[in-house]
Amino acid sequence: MRVSKSTVFSIAALLAILVGIPLAIFSYEAKRSGQTLGQYFNRTVSKIRHKEGHPSDETLADTEQGEKIEFLQKITIGDPVGDTKPWVTHLDIVDLDGDGLKDVVLCDAKRNEIRWIRQFPAGTYSEKKIGDTVRGPAHVTPSDIDNDGDLDLLVAKMGIIFPENDKIGAVVILENNGKQEFTNHVLVDNVARVCDVEPGDFDGDGDIDLAVAQFGYDDGEIRWMENKGNWEFESHILQSLSGPIHALVSDIDKDGDLDITGLVSQEWEEIYVFENDGHANFKTNLIYGSTNEDFGSSGISLIDLDKDGDEDILYTNGDAFDYIPPQPRPWHGVQWIENKGNLEFVYHRIGDFHGAYFANAVDVDHDNDLDIFVVSNFNTWENPDAQSFVWFENDGQMNFVYRNIASDPSHLLVLDSSDMNGDGWADFVSGGMHAYPPYDRMSRVTLWLNNWADREE
């Protein structure tokens, strides 16, 4: 039977449509993420397999439950809660004025301000606003960006903390004049909502550039901003996916230049390393991706957790802002991504914890290993025993025992650690984000002093 030319043409056109359109979509999404077409295809297949019931690495942890050890003294510092419901979206422990005492800088998204809780004299804390208003501040990082010998503040402006697709984000620098008087500089404005700004000299020219994570909503980005001098910066887009939370700077591959490690949430739930070739040319490497599109990525930090000489990734998943009302999920918890070298990483679950939002790794008991401390913003707060602050004690072999710390205050979003009183032991500072009820255990900023009993003087 002869087939007409028109039939052949129709079949070819149909095949072109059936193959070409999906291929074009895959190519577009791969380009946005910075992956090759093959990498993106394999990632998509793994997600489909998960939906069909195939197992993944993210099994719930069978973590030993230990008894509570009373060693942290809870102290409110800075302004009181007052009549408002606090929204502390980030904080950082730093000696801002160089007087030898640790202070706290924080983002107050209810006041739309950057605040400084100064410690002076030792053990006495007072709070003040610094710089001009920043609408929806999400993250603050101290850095001497102008190399004049004092600490400036890098601020990520979301504009609005809750989901919003408008381009209302900005990168803002609060310039310190050396007397802790700050002037706002807006480096880039009217962009997808900014969640993180971190410093680093990516091109090796001696000045400080910036890595920026823009959550956006449907149209997020990760970029680096090249310092051209005189508060002028040129943007270079590395990735165009929704949901970036963090863009951390370090030499994670130990080749002598600074790379960027990015956490992308939303439906992606992925961690990327943007590998620097030493000349600010970056190669995108997907090093981890959850097959659960509802995993709830909430934070990462870089630390040599197993003390083998390279940086691992400490990773929490406990976000629940997408739910009304927000509720924890059984897969929420904390894990570490082990750096095996050559940008090869291995996933390890540490433990389950409802609403786990951010973690710190600290040798709190001076036994020469790093324990994990985690705060929760999305636990079942109707239960008065629901924990907002817990720790996973390391036995020295990377096995962990879960221990409760506190259920009051609730709704803890942020955590940092440092020796606040100069006694040689790590303390903690937490911040409360009370965006939904109940409101019976509220806090703004809390200092947790370490009074570990078995101290060897």
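Please refer to the structure placed before this passage.
What counts, and where the lines are drawn
- Residues numbered from 1 in each chain as written.
- Predicted model: local features only at pLDDT ≥ 70, side-chain atom pairs only at ≥ 80, totals over all residues.
- Heavy atoms only, no water.
- Helix = DSSP H or I, 4+ residues; strand = E, 2+ residues; numbered from the N terminus.
- Buried < 20%, exposed > 50% of the residue type's maximum accessible area, 1.4 Å probe, protein only.
- Contact = heavy atoms within 4.5 Å.
- Areas by Shrake-Rupley, 256 points an atom, 1.4 Å probe, with all protein chains shown as cover.
- Lys, Arg positive; Asp, Glu negative; His and termini not counted.
- Salt bridge = Lys/Arg side-chain N within 4 Å of Asp/Glu carboxyl O.
- Polar contact = N/O pair within 3.5 Å; in protein donor to acceptor, adjacent residues only side chain to side chain.
- Pairing = 2+ DSSP bridges.
- Axes fitted to C-alpha atoms, helices over the stretch in contact; angles between N-to-C directions.

Each helix and strand in the chain was counted, giving two helices and 29 strands. Here the chain, with 457 residues, has 55% of them falling under the buried criterion. Long-range contacts, defined as pairs at least 24 residues apart, comprise 50% of the intrachain contacts of the chain with a sequence gap of at least 6. Within the structure as shown, the chain displays about 19,700 Å² of accessible surface, and the carbon and sulfur contribution to it stands at 50%.

Take the side chain of Glu198 next. Among the secondary structure elements, Glu198 is positioned in strand β11 (residues 194–200). Of the side chains with opposite charge, Arg223 comes closest to the buried, unpaired Glu198, at an N-O distance of 15 Å. Polar side-chain contacts of Glu198 include one of 3.4 Å to the side chain of Thr141. If we skip the residues at most four places from it in the chain, Glu198 touches His139, Thr141, Leu154, Asp209, Leu210, Ala211, Ala247, Leu248 and Val249.

In this section: the pattern of salt bridges. Overall, the coordinates contain 19 salt bridges when judged by the stated rule. A salt bridge links Lys68 to Glu70, with the shortest nitrogen-to-oxygen separation between them at 3.5 Å. In this structure, Lys167 engages Asp219 in a salt bridge whose closest nitrogen and oxygen atoms are separated by 2.9 Å. A residue pair is termed long-range when its members are at least 10 positions apart, and Lys167 in the loop between β8 (152–157) and β9 (169–176) and Asp219 in the loop between β12 (209–214) and β13 (221–229) qualify at 52 residues.

Next up on the list: the sheet that holds strand β14 (residues 232–239). One open sheet accounts for four strands, arranged β11-β12-β13-β14; its pairing is antiparallel. Here the strands that pair on one side only, and so sit at the sheet edges, are β11 and β14. The sheet shows a mean angle of 25° between the axes of neighbouring strands, direction not considered. Direction of pairing for β13 relative to β14: antiparallel, over a ladder of seven bridges. Bridge assignment links Gly229 to a residue of β14, and that residue is Glu232.

The next point concerns the pairing of strand β10 (residues 182–191). Direction of pairing for β9 relative to β10: antiparallel, over a ladder of eight bridges. Within β10, the position partnered with Ile173 by the bridge is His185. Remark: five residues form the turn of the hairpin made by β9 and β10, two consecutive strands paired antiparallel; Gly178 in that turn has positive phi of roughly 95°.

Below, the discussion takes up the environment of Lys102. Among the secondary structure elements, Lys102 is positioned in the loop between β3 (88–94) and β4 (103–108). Sequence spacing of Lys102 and Phe120 is 18 residues, and the spatial spacing of their C-alpha atoms is 9.1 Å. With near-sequence residues (within four places) excluded, Lys102 lies in contact with Ile93, Val94, Asp95, Gln119, Tyr125, Ser418, Asp419 and Met420. Polar side-chain contacts of Lys102 include one of 2.7 Å to the side chain of Ser418.

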